[in-house]
Amino acid sequence: KVVALRADMDALPVTEQGDLPFKSVQKAMWNGQETGVMHACGHDTHVAMLMGAATVLAQLRAELPGTVKFIFQPAEEGPGGAAPMIAAGVLRDPQVDAIFGLHVFPYTVGHVVYRAGPLMASADEFTIEITGKQTHGAVPWGGVDPIVIGAQIVTSLQSIVSRNVNIAKAPAVVTVGKFAAGNRSNIIPDKAELVGTVRAFDNEERARIRARIEGIATEYARTAGGSAKVTWDLGYPVTVNDPALTERMVPTLQRILGPGKVSVGPLTGTAEDFSYFQQQVPGMVFFRGGTPPGQEQTAAQNHSPLFFVDEAALPVGVRSLASLAVDFLGGG
């Protein structure tokens, strides 16, 4: 058998504000501006834990009843480094039978949160370009107002989740985060732009939502005398933990962590390109607590400039990854 363990390694364009002796002082250019760079999502700890697991398992190499692949993956934060690694053959020669990964999260150190089936959402971005006809603001009947069309579209998009999505099956989110149009109070422009995101936990609903957005945008614009074009940047698929693999391996985590420290967690609207690996082979990713006891309610979230991981989480993460690999290969 062959098992893979994966750690992502990228940082984020965030200026670190925590008071730590190893506080990042790196700078980089992002979207044309200089910004700080920090491991605001804990990927540095993922790499550390996988390096530790590799060290442990290398010492046990002669006793392992199979093969372990260690995958150090860039670009999880974008553009999705898992996909090109898969295309380059990271899961082949030898063929991987299962893959495991973890992610630090503001849960208590020493605790693990998992979920069989869908865990993290898909993440798609849409852009709606609305075309009207420019006119003087005092003579609106002389043109076609793309701002009014855009406002109608924004309002109507809110009905997709409440009226078209089976929320008893899986939740979804449709958000417009940008509305840009015009540059003067007394000029109705000829263009408007909406940019938003769609999060879903079911691939069929994901496709259905895309179709509804396109239908609403184009038909509203057409009936108002204008036009609309919808373009998509399809992001990561739904992160789905293989149910059979998860059920089989949870006892390993329970044995390592002890009673009451392994629990089923909620769905989360964040996205992960670990989902690309799971589309190829059975996979399981879980959240590992990185917050000191008693600080869970005040801990900074991932991607915050104050994000912090208690280093007590590292050896437990090493043991989790190594034990999952050994137990899977050994049939346990």
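Here's a quick rundown of the structure. Keep in mind that this is a model prediction, so the values were computed, not measured.

Criteria and cut-off values
- Residues numbered from 1 in each chain as written.
- Predicted model: local features only at pLDDT ≥ 70, side-chain atom pairs only at ≥ 80, totals over all residues.
- Heavy atoms only, no water.
- Phe/Tyr/Trp six-rings, centres within 6.5 Å; stacked < 30°, edge-to-face > 60°.
- Lys NZ or Arg CZ within 6 Å of the ring centre and 35° of its normal.
- Core = buried A, V, L, I, M, F, W, Y, C linked by side-chain atoms within 4.5 Å.
- Buried < 20%, exposed > 50% of the residue type's maximum accessible area, 1.4 Å probe, protein only.
- Helix = DSSP H or I, 4+ residues; strand = E, 2+ residues; numbered from the N terminus.
- Contact = heavy atoms within 4.5 Å.
- Pairing = 2+ DSSP bridges.
- Axes fitted to C-alpha atoms, helices over the stretch in contact; angles between N-to-C directions.

Digging into the packing of aromatic side chains
Aromatic ring pairs: the centre-centre distance and the angle between the two ring planes describe each pair. Using the criterion set out here, one finds seven aromatic pairs in the structure. Their ring planes at 40° and their centres at 5.4 Å tell us that F105 and Y107 sit as a pair that is tilted. The structure contains a cluster of three or more aromatic residues connected by ring pairs, namely F105, Y107 and F287. The positively charged end of K1 is found above the aromatic ring belonging to F328, 5.3 Å away from the centroid.

Focus: the nonpolar core
Ranked by internal contacts, the top residues of the largest apolar core, which has 39 residues, are L5, V68, F100, M284, F286 and F328. Looking at this core, the elements with two or more residues in it are β1 (2-8), α1 (43-59), β5 (98-108), β6 (112-114), α5 (243-257), β16 (283-291) and α7 (313-329). Take this core: its biggest share by element is eight residues, from α7. The next biggest cluster of nonpolar side chains, apart from the first, holds 22 residues, and it includes L91, L119, M120 and F274.

A word on the environment of V326
Its location among the elements puts V326 in helix α7. Given a relative accessible area of 31%, V326 falls into the partly exposed group.

Quick look at the side chain of T252
Residue placement: T252 occurs in helix α5. Judged by its relative accessible area of 3%, T252 falls in the buried class.

Some points on the environment of D273
Note on placement: D273 falls in the loop between β15 (262-264) and α6 (274-278). As for D273 and T15, which are separated by 258 residues in sequence, their C-alpha atoms are 24 Å apart. Beyond its immediate sequence surroundings of up to four residues, D273 is in contact with R6, Q73, A75, E76, G80, G81, A82 and Y236.

Section: the pairing of strand β8 (residues 122-131)
For β8, the buried fraction is high: seven of the 10 residues fall into the buried class. By the bridge criterion, 10 bridges tie β8 to strand β12 (residues 191-200) in an arrangement that is antiparallel. Residue pairing in the sheet places A123 in a bridge with R199 of β12.

Thoughts on the sheet that holds strand β13 (residues 227-234)
Taken together, four strands build an open sheet; the order of strands is β10-β12-β8-β13 and the sheet is antiparallel. A strand with exactly one partner marks an edge of an open sheet, and here the two such strands are β10 (172-181) and β13. If you compare each strand with its neighbour and ignore which way they point, the axes differ by 20° on average. Relative to β12, β10 runs antiparallel, the two sharing nine bridges.

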